[in-house]
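Descriptive structure summary
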Amino acid sequence: PPRYAGPSDARAPNFVHAMSVVGELRQAKKAQALHTATTLAAIDSALQAIESCRAEIAQDAMDVGSAEAPVHQLKQQLGGGKLVGKVAKEQKALHAAISKLSKAVDKKLPVPASEKGVCRPVVFDPAPLNHMIALHLYRSGHFDAA
């Protein structure tokens, strides 16, 4: 088999892992499109029902008792909380797909070099910092702490 030619090579480990996440990304995109369309359709139908009710009430504005029938019909159309439940269900399914994607990314992509301890260690001399803190404490009148 051909040898690994470096990070730009398609056979690079990071490239292989990234390609395995593409399927999860496509599934999340499909879920987003489906659940967004379903949620928007439910909200649009509720808005149409509300507009229809408002129009009926405005048409019979002089008769106070005539508003009961359209409002009762609107209540039945909206289902007494079914709309909220449907939207919440769709949003929960969408968030599940997104969560699954993030778990796949965490699982399949390698840990960054900074977390593996591969980065160069930073040489830090605490003496100048301690000196600055002591001066600040002296200026603030905290002689015992300094």
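Going by the structure above, here's the rest.
Residues numbered from 1 in each chain as written. Predicted model: local features only at pLDDT ≥ 70, side-chain atom pairs only at ≥ 80, totals over all residues. Heavy atoms only, no water.

Section: the packing of aromatic side chains
- Inspection of the entire model under this criterion finds one aromatic pair.
- Each ring, one from Y138 and one from F143, has its centre 6.2 Å from the other, and the planes form 40°; the classification is tilted.
- Assessed through its relative accessible area of 44%, Y138 is described here as partly exposed. (Phe/Tyr/Trp six-rings, centres within 6.5 Å; stacked < 30°, edge-to-face > 60°. Buried < 20%, exposed > 50% of the residue type's maximum accessible area, 1.4 Å probe, protein only.)

Examining the pattern of salt bridges
- One pass over the structure, following the stated rule, counts one salt bridge.
- Among the salt bridges present, the one from E51 reaches R54, with a minimum N-O distance of 3.3 Å. Taken together, the residues E51 and R54, both in helix α1 (residues 13-59) and three residues apart, mark about one turn of the helix.
- For R54, a relative accessible area of 53% corresponds to the exposed category. (Salt bridge = Lys/Arg side-chain N within 4 Å of Asp/Glu carboxyl O. Helix = DSSP H or I, 4+ residues; strand = E, 2+ residues; numbered from the N terminus.)

Some words on helix α5 (residues 126-140)
- The end-to-end C-alpha distance of α5 is 21 Å, a good match for the 21 Å that 15 residues give at a rise of 1.5 Å each.
- One or two steps after α5, the chain reaches G141, where phi turns positive at roughly 90°. (Expected span 1.5 Å × (residues − 1).)

Comments concerning the side chain of E24
- Along the polypeptide, E24 turns up in helix α1.
- Judged by relative accessible area, E24 falls into the buried class, the value being 18%.
- The contact partners of E24, leaving out residues within four places of it in the chain, are K100, L101 and A104. (Contact = heavy atoms within 4.5 Å.)

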